[in-house]
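Spelled out from the first residue to the last, the chains are:
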Amino acid sequence: MWVIKDDDSTIYLLGTFHMVKPGTDWRSAKINDAFASSDEVWLEATEGDDPTMIQSLAMKYGLDPQHPLSSKLPSDARAKLDEAAKAMGLRSAMLEPLRPWMAALTITVAPLMRAGYDP
């Protein structure tokens, strides 16, 4: 958590946790005090508990089946993608309909979920 102050204002910036292990207690006395003393709380996004909404957004902005992922990458990057996918237990063909950001997210999140983290 970062604190920005001037004579009449205090702003707290808290990085969000997108994946934690169930039961993780990420709050502290300082964080609780910051929330309690704040007049406003701004979030980067609303809570993502609605899987239908999340899936809808992923389908709308994360897929590009008309332009396969491999067509957007140079050959050396395609080889690295294939290696990364295999390391995560995925087939690179599964990533073909994804936009590059969604493919990167998929490869990044897969091992975290296997390690018990929950998005």
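Our structure's up above, just so we're on the same page.
Described in the following lines is the structure provided in the data block.

Moving on, we get to the pairing of strand 2 (residues 10–13). Relative to strand 2, strand 1 (residues 2–5) runs antiparallel, the two sharing 4 bridges. Pairing of V3 across the sheet is with Y12, part of strand 2. Turn length for the strand 1-strand 2 hairpin, with the two strands adjacent in sequence and antiparallel, is 4 residues.

Let us now look at the environment of D8. Position of D8 among the secondary structure elements: in the loop between strand 1 and strand 2. Within polar-contact distance, the side chain of D8 engages the side chain of S9 at 3.3 Å.

Inspection of the secondary structure assignment puts V3 in strand 1. Spatially, the C-alpha atom of V3 lies 12 Å from that of S38, the residues being 35 residues apart in sequence. When sequence neighbours within four positions are dropped, the list of residues in contact with V3 reads T10, I11 and Y12.

A word on the nonpolar core. Judged by nonpolar contacts, L69, L73, L81, A85, M88, L90, L95, L98, M102, A103, I107 and A110 together constitute the single largest core of 12 residues. A per-element tally of this core places helix 5 (residues 100–114) first, with 4 residues. Setting aside anything within four residues of it in sequence, one finds L69 in contact with L81, L95, E96, L98, R99, P100 and A103.

Applying the stated criterion across every chain, the model contains 3 salt bridges. Across the pair D64 and K72 runs a salt bridge whose closest N-O atoms are separated by 2.7 Å. Where K86 meets D82, a salt bridge forms, and the shortest distance between an N and an O atom there is 3.3 Å. Highlighted residues: K86 and D82, both in helix 3 (residues 75–87), separated by 4 residues, approximately one helical turn. For K86, a relative accessible area of 58% gives the class exposed. In this structure, a network of salt bridges that share partners links the residues D64, K72 and R99.

Parameters and conventions
Residues numbered from 1 in each chain as written. Predicted model: local features only at pLDDT ≥ 70, side-chain atom pairs only at ≥ 80, totals over all residues. Heavy atoms only, no water. Pairing = 2+ DSSP bridges. Helix = DSSP H or I, 4+ residues; strand = E, 2+ residues; numbered from the N terminus. Polar contact = N/O pair within 3.5 Å; in protein donor to acceptor, adjacent residues only side chain to side chain. Contact = heavy atoms within 4.5 Å. Core = buried A, V, L, I, M, F, W, Y, C linked by side-chain atoms within 4.5 Å. Buried < 20%, exposed > 50% of the residue type's maximum accessible area, 1.4 Å probe, protein only. Salt bridge = Lys/Arg side-chain N within 4 Å of Asp/Glu carboxyl O.

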